[in-house]
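# Summary of structural features
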Amino acid sequence: DWYGQIGVDELGFSQFDYIENGIRAGFYNLINGYFNAGYNTINTIITRYSETDQQAYIDFVSNEMNKNPDDIIIPTADNLFSLSKAIMEFEVGVTDYNLYINDNMITAGYYALPDEIGGWVKTAAPTAIFAGANSFLLLILAAGLIYNI
């Protein structure tokens, strides 16, 4: 079980007491289940994560992150923020994404991570937080990335 997990829905997605705990779990899984396992490009992350619409998904995330699909992504706070935001926007759409979460929730989820996860070391919060980035939704990062994990 994840910290703050209160159950699992009928599709097997984890449910959390607070959005911030779901964000924490999503970040943790992204770091431990993807980056620390050698999935460090948009292409490898999305093809492992998604079973459908992979090329559209890869194109969307690449565009949002302003990176080529095969560029190596270092899991810094800024890159985790950008990658997570792009994944969530693709999964739920920008409109719904902007309805349910704000930057403070993302910051809280990031800061709730342990200082070290399998060799990855937490750094300062994403600079986008301090630059007043738009708020965004979590649902999929909190649930989709941790499906059956």
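Above this text sits the structure in question.
The structure reproduced in this document is the subject of the present report. (Residues numbered from 1 in each chain as written. Predicted model: local features only at pLDDT ≥ 70, side-chain atom pairs only at ≥ 80, totals over all residues. Heavy atoms only, no water.)

Another aspect to go through is the pattern of salt bridges. Opposite charge on two side chains makes pairing possible when the charged atoms of those side chains draw close. One pass over the structure, following the stated rule, counts 1 salt bridge. A salt bridge links Lys122 to Asp115; its shortest N-O distance comes to 3.5 Å. Taking the relative accessible area as the measure of exposure, Lys122 reaches 17% and is therefore buried. (Salt bridge = Lys/Arg side-chain N within 4 Å of Asp/Glu carboxyl O. Buried < 20%, exposed > 50% of the residue type's maximum accessible area, 1.4 Å probe, protein only.)

Now for unusual backbone geometry. Although it is not a glycine, Asp53 adopts a positive phi angle of roughly 50°. Along the chain, the position of Asp53 falls in the loop between helix 2 (42–49) and helix 3 (54–65). With a relative accessible area of 55%, Asp53 lands in the exposed category. The phi angle at Asn66 is positive, at roughly 55°, despite the residue not being glycine. With respect to the helices, strands and loops of the structure, Asn66 is situated in the loop between helix 3 and helix 4 (77–92). On the accessibility criterion, Asn66 (71% relative accessible area) is exposed. (Helix = DSSP H or I, 4+ residues; strand = E, 2+ residues; numbered from the N terminus.)

Formed by 30 residues in total, the largest nonpolar core has its most connected members in Ile46, Val61, Leu80 and Leu83. Elements with a contribution of two residues or more to this core: helix 1 (19–34), helix 2, helix 3, helix 4 and helix 6 (103–111). When residues of this core are assigned to their parent elements, the largest contribution, 7 residues, is made by helix 4. Residues within four places of Leu83 in sequence aside, it is in contact with Leu30, Phe35, Ile45, Val61 and Met65. (Core = buried A, V, L, I, M, F, W, Y, C linked by side-chain atoms within 4.5 Å. Contact = heavy atoms within 4.5 Å.)

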